[in-house]
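Notes for the structure review
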Amino acid sequence: MNKYIFCTFLALSCLAFNIDDALSTAKKITPPTDPDPDEKRQYTFAWSFQDNSNMKPRGGTTTGESITLDKSPSSQWQSIYEKGLSKFERDRRAILAMSGGYRASFDFLETLGFTEGHSPARPYQSWGTEYVYVVEDKDNFISLQHVLVMYFQSNDEEPPEPMVMKHWRQDWHYEDNKIHTYQGFNTWKEKTLKDQDVSGKWSQAVYQVDDSPRYQAIGSWQHTGNYSSWLSSETWRPLPRREFSVRNDYDVLIGTNKHTITPTGWVQEEDNLKINLQNPGVLAHTSPVIAKEIGLARYERITDHDWTPGDEYWKKTEVFWNSVRRIWSEILEEKQTLKLDQEKLKARSMFMTMFGMAKKFSGSTNNDQMNSEIEAALLNYLAIDQTQ
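Residues numbered from 1 in each chain as written. Predicted model: local features only at pLDDT ≥ 70, side-chain atom pairs only at ≥ 80, totals over all residues. Heavy atoms only, no water.

1. A few points about the packing of helix α6 (residues 308-334) against helix α9 (residues 368-380)
In a packed pair of helices, the relevant descriptors are the angle between the two axes and the axis-to-axis distance. Two elements in contact, α6 and α9, have axes whose closest approach is 10 Å; the angle formed by their N-to-C orientations is 50°. What the angle tells us is that α6 and α9 run oblique. Of the two elements, α6 crosses α9, and the hand of that crossing is right-handed. Counted together, V319, F320, S323, V324, R326, I327, W328 and I331 of α6 and M370, N371, I374, E375, L378 and L379 of α9 form the full contact between these two elements. In terms of residue class, the contact of α6 with α9 is made up of ten nonpolar, two polar and two charged. (Axes fitted to C-alpha atoms, helices over the stretch in contact; angles between N-to-C directions. Helix = DSSP H or I, 4+ residues; strand = E, 2+ residues; numbered from the N terminus. Parallel < 35°, antiparallel > 145°, perpendicular 65-115°, else oblique. Left-handed = near helix turned anticlockwise from the far one by under 90°. Contact = heavy atoms within 4.5 Å. Nonpolar A, V, L, I, M, F, W, Y, C, P; charged D, E, K, R; others polar.)

Right, dumping it as structure tokens:
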């Protein structure tokens, strides 16, 4: 038996990974020490008068190994508040403080409905363990790559083998004049921003597990005493797997995204409207808003967790994924509007193609064959009118 399982196959059910559906994969995790999940897994506020059986949170189904939280303030968090720092340097340190090893938990709750006969969707809860690597750190640009490293409890005497998978990526760019905004229907559009509109601000671009674009927005970091937080402008997002796998009654999430650094990790908050569209970028003419949801993703630092499988996976595939990022950047730079072919995505998801190639070129150095195959694979998923 191999020492580690590098889980390309784990991704077979995660077509549109996002920060808020990390554990919507072949296996999901529930807390290991919960004697009564039905009793413990509940919200402090919810739909008090709904049938409880209809509002039981969906999400985790398998049991993860016990973890140990690191409750001491991290050196990264402390570094944000050193005296004499410029605002720019404080921003940078806040972004870099998101790197490291975490227990990541995800909670989503539909809070408002705007259609006749609306019935709230079941809340969503899940959690997992992932390491956030600093891929690039170049003054005004920082790239963070998330990699899942999960261990599941089993009845076997042998210790469980880890499941490892490349997860989402977040890129931060200071005073970014050009961003790519989601328009709905697998379409992204380039947006040019004026200098005065990006002065002192950072863009955050989020990418799928296959490094295809997901969403991007501009926002400002706020530092007040021991509080550091970044708030996005209005952000359009594709439906995450936790949604598109169970419903098809809306087309896009529109809302805000907030990242806050804590002494022992960081938190992402989402405030989203569920929207129907008429065309890419155009809301439906009548009753476009279906519902509103709130989301909370907590990243809590943990100790005594073996991240070695993630380190080894990333070392073996780093060259490959670096080429994927570069080629995607070239494609986005060339096209003012990017559209992916829905039928090709249905026939074979992009992440399956790219994960298969990552396995094929694992351990390889940068070479023309690899780059050529990556480019051909990515271009194959563009809509026909995009390939010209």
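2. A short note on the side chain of Q183
The topology assignment puts Q183 in strand β10 (residues 178-184). A distance of 3.0 Å separates a polar atom in the side chain of Q183 from a polar atom in the side chain of T181. Apart from residues lying up to four places away in sequence, Q183 is in contact with W188, K189, W236, L277, N279, P280 and G281. (Polar contact = N/O pair within 3.5 Å; in protein donor to acceptor, adjacent residues only side chain to side chain.)

3. Observations concerning the pattern of salt bridges
Considering all chains together, one arrives at 25 salt bridges under this definition. Of the charged contacts in the structure, one is a salt bridge between K274 and E243, with a shortest N-O distance of 2.9 Å. Of this pair, K274 sits in strand β17 (residues 265-275) while E243 sits in helix α5 (residues 241-244); the two residues are 31 residues apart in sequence, bridging distant segments of the chain. Per residue, the accessibility class of K274 equals that of E243, and both read buried. Ionic pairing is found between R326 and E330, a salt bridge with its closest N-O pair at 3.1 Å. Of this pair, R326 and E330 both sit in helix α6, four residues apart, roughly one helical turn. Among the residues examined, R326 registers a relative accessible area of 34% and is labelled partly exposed. (Salt bridge = Lys/Arg side-chain N within 4 Å of Asp/Glu carboxyl O. Buried < 20%, exposed > 50% of the residue type's maximum accessible area, 1.4 Å probe, protein only.)

4. With respect to the sheet that holds β10
Taken in spatial order, the three strands make up an open sheet running β10-β11-β21, and their pairing is antiparallel. The two strands at the open ends of the sheet, each matched to only one other strand, are β10 and β21 (337-339). Each strand axis lies, on average, 25° off the axis of its neighbour in the sheet, ignoring direction. Bridging between strand β11 (residues 187-192) and β21 involves three bridges; their strand directions are antiparallel. Residue pairing for β21: K189 is matched across the bridge by T337. (Pairing = 2+ DSSP bridges.)

5. What to know about the confidence of the model for the protein chain
For the protein chain, mean pLDDT is 88; residues scoring 70 or higher make up 86% of the total. Low pLDDT, under 50, characterises residues 1-35; the stretch is placed with 142 contacts to residues that sit more than four places away or in other chains. (pLDDT = per-residue confidence, 0-100.)

6. Quick look at the packing of aromatic side chains
Scanning all chains against the criterion turns up 17 aromatic pairs. Taking the centre distance of 6.3 Å and the plane angle of 90° together, the rings of Y102 and W266 count as edge-to-face. Placement of the pair is Y102 in strand β6 (residues 100-113) and W266 in strand β17, with a sequence separation of 164 residues. When its relative accessible area of 0% is taken as the criterion, Y102 is described as buried. Consider the rings of W172 and W230, whose centres lie 4.8 Å apart with planes at 80°: the pair is edge-to-face. Of this pair, W172 sits in strand β9 (residues 163-174) while W230 sits in strand β14 (residues 227-232), and the two are 58 residues apart along the sequence. For the pair W172 and W230, one class covers both residues: buried. (Phe/Tyr/Trp six-rings, centres within 6.5 Å; stacked < 30°, edge-to-face > 60°.)

7. Examining the nonpolar core
With 46 residues, the main nonpolar core has F320, W321, W328, M350, M354, I374 and L378 as its most contacted residues. In terms of residue count, α6 provides more of this core than any other element does, nine residues in total. Those residues in contact with W328 that sit more than four places away from it in its chain are D210, D211, S212, P213, L338, L340, M350 and L378. In terms of nonpolar packing, the next biggest core, distinct from the first, is built from 28 residues, A94, F106, I142 and W230 among them. (Core = buried A, V, L, I, M, F, W, Y, C linked by side-chain atoms within 4.5 Å.)

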